[in-house]
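# Understanding the architecture of this molecule
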Amino acid sequence: MKKALLAATVVASALTATLITAPAANAGDRSAIPFTEATVTAGADGSFALTWKAPGSKRVEIRANGKVVAQGGAQGRAVVTGLPAADRQWFDFEPQRGRGLRLADRLVRLEGAVNFRDAGGYRTATGQWVKMGEVYRSDALNKLTANDLAKLRRLHVRTVFDLRMEDERTKDADKVPAGAAYVVADVFAGSGSFQTMPRTPDEAVKAMVDAERAMVSGAGGKKAYAQVLEGIERDRARSVLFHCTAGKDRTGWANAALLTALGVPRQTVEADYLASNDYRKAANDAILSHLPAQQAAVYKPLLDVRPEYLNAGYDEVRATYGSFDRYLKDGLGIDARELKQLKKDLLVG
């Protein structure tokens, strides 16, 4: 099971950075961000598809590299081409009234990883937005190339949290950008997880559900996620990166916990979590294609992310702590001051 869950990856196709609608901002508040939706999607041909909704704004301009590249009314869509190559292409969405948004495609394209993406760019239930370029999530870093590491240096990755188990770290040691701090935050340390291979698809699903619960209430999980959230809060020289092997389960809960703490709606958090199925599709299909049908049926639940897995984490939070706020405080040691600082640093609007 461990080999299936922690398998090496291959290049996956791009995914639209979809942002789920939340309640509209107060149109009378000039400091509010009026956008209820905004997306940047990079195409394989170098183009960028932009969409937006800003109720109450008669005019929206979008700039890239200081130049207006698209404009329209309260709701619009545009395709931008001909922009110079860049590590990440940023777009400034500027409404006629209120604060603007700075967004990029969520996927950061690397030669040696397929699920490296920005943790931000989502709207909270109160109309604020999670900044992009501050926190990243990823799959394994052991295959990063010299070009990849140079790109991560230019993206100012300062701290890398490794959520993997000891044997994973030994077998496939991380490659981190020069000057970045490397922190072991072993989610399953001492848990005994993944010791036996499931024999049926149902057993595989149960193993994934049980693992999700262990991430929440296990001693290793509590320590690891406390390290990550406290590290993000304390690191004023971000960017921060956290990762596991596939970038979907341990990493998925890390990002779910962060986004939930920031006030992002559950529906949006789930969409971000399930996006690993798209980013990792080519890698997972390649693994399954080399297995006999019966074995592939058992492995598939291990390679997937599914709503029931994420729901098991939230269910464990409720069963053990009663509420997510209590999980942050009693499980991870994130007090009200730290949570306030985290929101101050990572939210705009």
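## With respect to the pairing of strand β2 (residues 48-53)
- Relative to β2, strand β1 (residues 37-42) runs antiparallel, the two sharing six bridges. Its bridge partner being in β2, E37 is matched across the sheet by K53.
- What sits between β1 and β2 in their antiparallel hairpin is a turn of five residues, with G46 showing a positive phi close to 90°.
- Bridge analysis of β2 against strand β5 (residues 75-80) gives six bridges, and the strand direction is antiparallel. In the strand pairing of β5, A49 is matched with V79.

## Quick look at the pattern of salt bridges
- Scanning all chains against the criterion turns up 24 salt bridges.
- Across the pair K300 and D304 runs a salt bridge whose closest N-O atoms are separated by 2.9 Å.
- Given a relative accessible area of 10%, D304 falls into the buried group.
- When the shortest N-O distance is used, the salt bridge between D315 and R318 registers 2.1 Å. Linking D315 with R318, this pair stays in helix α11 (residues 307-321), spanning three residues, or about one helical turn.
- For R318, a relative accessible area of 46% gives the class partly exposed.
- Sharing partners across several salt bridges, the network here consists of R117, R137 and D272.

## A look at the packing of aromatic side chains
- Tallied over the full model, the rule gives nine aromatic pairs.
- Judged by centre distance (6.1 Å) and plane angle (40°), the ring pair of Y314 and F324 falls under tilted. With Y314 in helix α11 and F324 in helix α12 (residues 324-331), this residue pair connects regions lying ten residues apart in the sequence. When sorted by exposure, Y314 lands in the same class as F324, which is buried.
- With a centroid separation of 5.3 Å and an interplanar angle of 70°, the aromatic rings of F324 and Y327 are classed as edge-to-face. Here F324 and its partner Y327 are both found in helix α12, three residues apart, which amounts to about one turn of the helix.

## A word on the side chain of D304
- Topologically, D304 is positioned in the loop between α10 (293-303) and α11.
- Looking at D304, its side chain comes within polar contact range of the side chain of R306, at 2.9 Å.
- Not counting chain neighbours up to four residues away, the residues in contact with D304 comprise M208, K248, D249, N277 and Y309.

## Notes on the sheet that holds β2
- Here three strands make up an open sheet; going across it, the order is β1-β2-β5 and the pairing antiparallel. On the outer flanks of this sheet lie β1 and β5, each paired with one strand and no other. Strand-to-strand twist of the sheet, defined as the mean angle between neighbouring strand axes without regard to direction, takes the value 5°.

## Digging into the environment of H290
- Considering the arrangement of structural elements, one finds H290 in the loop between α9 (281-289) and α10.
- For H290, a relative accessible area of 67% corresponds to the exposed category.
- For H290, the side chain forms a polar contact with the side chain of S289, separated by 3.3 Å.

## With respect to the confidence of the model for the protein chain
- Summing up the model confidence of the protein chain, the mean pLDDT is 91 and the portion of residues at 70 or higher is 90%.
- Long-range and interchain partners of residues 1-28, a stretch whose pLDDT sits below 50, account for 89 contacts in this model, where long-range means more than four residues apart.

## Some details on the packing of helix α6 (residues 250-262) against helix α7 (residues 266-274)
- One can describe the packing of α6 onto α7 by two numbers: an axis separation of 10 Å at closest approach and a directional angle of 160°. By the criterion of interaxial angle, the relationship of α6 to α7 is roughly antiparallel. Along this stretch, α6 crosses α7, giving a crossing that reads as right-handed. Contact residues: α6 offers G252, N255, A256, L259 and T260, while α7 offers V269, D272 and Y273.
- Considered class by class, the residues forming the contact of α6 with α7 number four nonpolar, three polar and one charged.

## Considerations on the sheet that holds strand β7 (residues 101-103)
- Taken in spatial order, the four strands line up as β4-β3-β6-β7 in an open sheet, and their pairing is antiparallel. For this open sheet the edge positions go to β4 (67-72) and β7, each flanked by a neighbour on one side alone. Mean inter-strand twist for the sheet, computed between neighbouring axes without regard to direction, equals 25°.
- Where strand β6 (residues 91-95) and β7 come together, three bridges link them in antiparallel fashion. Paired with D92 across the two strands is R102, which belongs to β7.

## Examining the packing of α6 against α11
- The N-to-C vectors of α6 and α11 enclose an angle of 55°; their axes lie 11 Å apart at closest approach. Taken as axis vectors, α6 and α11 run oblique relative to one another. Classified by chirality, the crossing of α11 by α6 is right-handed. Of α11, the residues touching α6 (which contributes W253, A256 and T260) are L310, G313, Y314 and V317.

Thresholds, definitions, all that
Residues numbered from 1 in each chain as written. Predicted model: local features only at pLDDT ≥ 70, side-chain atom pairs only at ≥ 80, totals over all residues. Heavy atoms only, no water. Pairing = 2+ DSSP bridges. Helix = DSSP H or I, 4+ residues; strand = E, 2+ residues; numbered from the N terminus. Salt bridge = Lys/Arg side-chain N within 4 Å of Asp/Glu carboxyl O. Buried < 20%, exposed > 50% of the residue type's maximum accessible area, 1.4 Å probe, protein only. Phe/Tyr/Trp six-rings, centres within 6.5 Å; stacked < 30°, edge-to-face > 60°. Polar contact = N/O pair within 3.5 Å; in protein donor to acceptor, adjacent residues only side chain to side chain. Contact = heavy atoms within 4.5 Å. Axes fitted to C-alpha atoms, helices over the stretch in contact; angles between N-to-C directions. pLDDT = per-residue confidence, 0-100. Parallel < 35°, antiparallel > 145°, perpendicular 65-115°, else oblique. Left-handed = near helix turned anticlockwise from the far one by under 90°. Nonpolar A, V, L, I, M, F, W, Y, C, P; charged D, E, K, R; others polar.

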